[in-house]
Amino acid sequence: VGAAQSRCKGEKLCGDAYETFWDLSGNFFAVMSDGMGCGGRAAVDGAMTAGLTSQLIRAGFGYESILRMANTALMAKSNDETLATLDIASINLYTGELEVLKAGAGPSLLLSHGLISRFEESSLPLGILRELTFARTRDRLVDGDLLLLMSDGVSNDGIHWVEELLRDFDVEKGDIQTLADTIVETARRLCQSEKGDDITAIVIKIDRIL
């Protein structure tokens, strides 16, 4: 796993939060949340959503229950409107089965056998409605695949350049942390707004070890 972040210009805190972890049943998880706006308030919302989701996954709750509890917690936190996206990638390390779940999150990309697939099903972020559902996508990963989760700070100015970076990456010799850093640095350079947006990229490379 390689991960990199960049916060909005002039802010001390990043509104994106993420966690990556394994459970005791051979599954790997990447969880990412993007709090609305920039700065401290967005950082609190993103960190709370990602942290609570990760804890509930570890505790064995189902995804719809997790979404309901995280959404309720966000709505109860403040009388003001607070929004946060939620992005979950679950990988079974024995079978390679992948499930991507999104609530308001931006697109994710999968590079497999030189071809790019986009996971970009539409859904609403947390904090708007009391009843939400995940947009779900399933696939099967194989040796050498690259999965990219990214906040909308990466994709605001289009993602064709990201797809080119993935295609040009040497899966045999390339360093995925360097790839994550490059994606974030390029997104910051391409950003057209003065303040910019929080940017996060998580790159997951699949290697067969047996």
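This structure is a prediction, so every number in the text was calculated from the model and none was measured.

Visitor: Would you explain the packing of helix H4 (residues 160-168) against helix H5 (residues 176-190) in this entry?
Guide: In a packed pair of helices, the relevant descriptors are the angle between the two axes and the axis-to-axis distance. Two elements in contact, H4 and H5, have axes separated by 11 Å at closest approach and are oriented at 155°. In terms of orientation, H4 and H5 fall into the roughly antiparallel class. For the element pair H4 and H5, the recorded crossing hand is right-handed. Of H5, the residues touching H4 (which contributes Trp161, Val162, Leu165 and Leu166) are Leu179, Thr182, Ile183, Thr186, Ala187 and Leu190. Looking at the contact of H4 with H5, its residues break down into eight nonpolar, two polar and no charged.

Visitor: It is not clear to me how the sheet that holds strand E10 (residues 199-205) should be interpreted in this structure. Could you clarify?
Guide: The strands making up a sheet associate through backbone hydrogen bonding, with each pair oriented either parallel or antiparallel. Taken in spatial order, the five strands line up as E1-E10-E9-E6-E7 in an open sheet, and their pairing is antiparallel. Across the chains shown, the open sheet's two edge strands, defined by having one partner strand only, are strand E1 (2-6) and strand E7 (115-119). Sheet twist, expressed as the average angle between the axes of neighbouring strands with direction ignored, equals 15°. Across five bridges, strand E6 (residues 108-112) lies against E7 in antiparallel orientation. Residue pairing across strands places Leu111 opposite Ile116, the latter belonging to E7. Running at roughly 25° to E1, H5 makes contact with E1, strand E9 (146-150) and E10 of the sheet.

Visitor: Before we go on, may I ask you to explain the state of the cysteines in this structure?
Guide: A covalent bond bridging the sulfur atoms of two cysteines is what the word disulfide describes. Scanning the model with the defined rule gives one disulfide in all. Of the cysteine sulfurs around Cys191, a residue in no disulfide, the closest is that of Cys8, at 8.3 Å. Owing to a relative accessible area of 24%, Cys191 belongs among the partly exposed residues under this scheme.

Visitor: Would you explain the nonpolar core in this entry?
Guide: Soluble globular proteins tend to bury their nonpolar side chains together. Counting residues in each nonpolar core, the largest one holds 22 residues, and the members touching the most others are Leu109, Leu146, Leu148, Val162, Leu166, Ile183 and Val203. When residues no more than four places from it in sequence are discounted, the contact partners of Leu109 are Ile116, Ser117, Arg118, Leu146, Leu147, Leu148, Met150, Ile159, Val162, Glu163 and Leu166. With 20 residues, the next largest nonpolar core counts Phe29, Ala50, Leu56 and Phe134 among its residues.

Visitor: Where do I start with the pattern of salt bridges in this structure?
Guide: Scanning the entire structure with this criterion turns up eight salt bridges. Two residues, Asp87 and Lys102, come together in a salt bridge whose shortest N-O distance is 2.9 Å. Here the residue Asp87 occupies a position in strand E4 (residues 86-92), and Lys102 occupies one in strand E5 (residues 97-103), the gap between them amounting to 15 residues. Each member of the pair Asp87 and Lys102 is classed as buried. Among the ionic pairs, Arg136 bridges to Glu99, the shortest N-O distance being 2.7 Å.

Visitor: Just to check I follow, could you spell out the side chain of Thr53 for this structure?
Guide: Along the chain, Thr53 turns up in helix H1 (residues 39-58). Classification of Thr53 as buried rests on a relative accessible area of 0%. Here Thr49 takes part through its backbone oxygen, which lies 2.7 Å from a polar atom of the side chain of Thr53. For Thr53, the contacting residues outside a window of four places in its chain are Val31, Ile66, Ala70, Leu86 and Ile88.

Visitor: Looking at this structure, I do not really get the pairing of strand E2 (residues 16-22). What am I missing?
Guide: In the case of a regular strand, side chains alternate between the two sheet surfaces. Two strands pair when backbone bridges link them, and E2 and strand E3 (residues 27-34) are joined in this way by seven bridges, in the antiparallel orientation. Looking at the pairing, Tyr18 lines up with Met32 of E3.

Visitor: Sorry if this is basic, but what is going on with the sheet that holds E3 here?
Guide: Ordered by their spatial adjacency, five strands build an open sheet running E2-E3-E4-E5-E8, and the pairing between neighbours is antiparallel. Two strands lie at the open edges of the sheet, namely E2 and strand E8 (135-140), each paired on one side alone. Each strand of the sheet is rotated relative to its neighbour by a mean of 10°, with strand direction disregarded. For E5 and E8, the ladder comprises six bridges, and the chain directions are antiparallel. Each residue of the ladder has a partner; that of Glu97, found in E8, is Arg140.

Calculation rules
- Numbering of residues starts from 1 in every chain and runs along the sequence as written.
- The predicted nature of this model means local features are confined to residues of pLDDT at least 70 and side-chain atom pairs, given and counted, to a pLDDT of 80 or more, with totals for whole chains, interfaces and linings taken over all residues.
- For side-chain calculations, the full set of non-hydrogen atoms in the structure is used, while hydrogens and water are omitted.
- For helices, the fitted line uses only the C-alpha atoms of the stretch in contact; every axis is such a line through C-alpha atoms, and the angle between N-to-C directions lies from 0 to 180 degrees.
- Secondary structure elements follow DSSP: runs of H or I no shorter than four residues count as helices, runs of E no shorter than two count as strands, and numbering proceeds from the N terminus.
- What sets the label is the angle itself: under 35 degrees gives roughly parallel, over 145 gives roughly antiparallel, 65 to 115 gives roughly perpendicular, and the rest give oblique.
- Each crossing gets its handedness from the near helix: less than a right angle anticlockwise from the far helix is left-handed, clockwise is right-handed.
- Pairs of residues are marked as contacts when any of their non-hydrogen atoms sit within 4.5 Å.
- Side-chain classes are defined by residue name, with Ala, Val, Leu, Ile, Met, Phe, Trp, Tyr, Cys and Pro counting as nonpolar, Asp, Glu, Lys and Arg as charged, and the others, Gly among them, as polar.
- By definition, two strands form a pair when at least two bridges between them are found by DSSP.
- By definition, disulfides here are pairs of cysteine sulfur atoms that lie within 2.5 Å.
- Each residue gets one of three labels from its accessible area relative to the maximum for its type: buried under 20%, exposed over 50%, partly exposed in between, using a 1.4 Å probe on protein chains only.
- Throughout, nonpolar core names a set of buried Ala, Val, Leu, Ile, Met, Phe, Trp, Tyr and Cys residues whose side chains join them through atoms within 4.5 Å.
- A pairing counts as a salt bridge when a side-chain nitrogen of Lys or Arg comes within 4 Å of a carboxyl oxygen of Asp or Glu.
- Whenever a nitrogen or oxygen atom comes within 3.5 Å of another N or O atom, the pair is scored as a polar contact, on the condition that within protein one atom can donate a hydrogen and the other can accept it, and that pairs from neighbouring residues in sequence are kept only if both atoms are in side chains.

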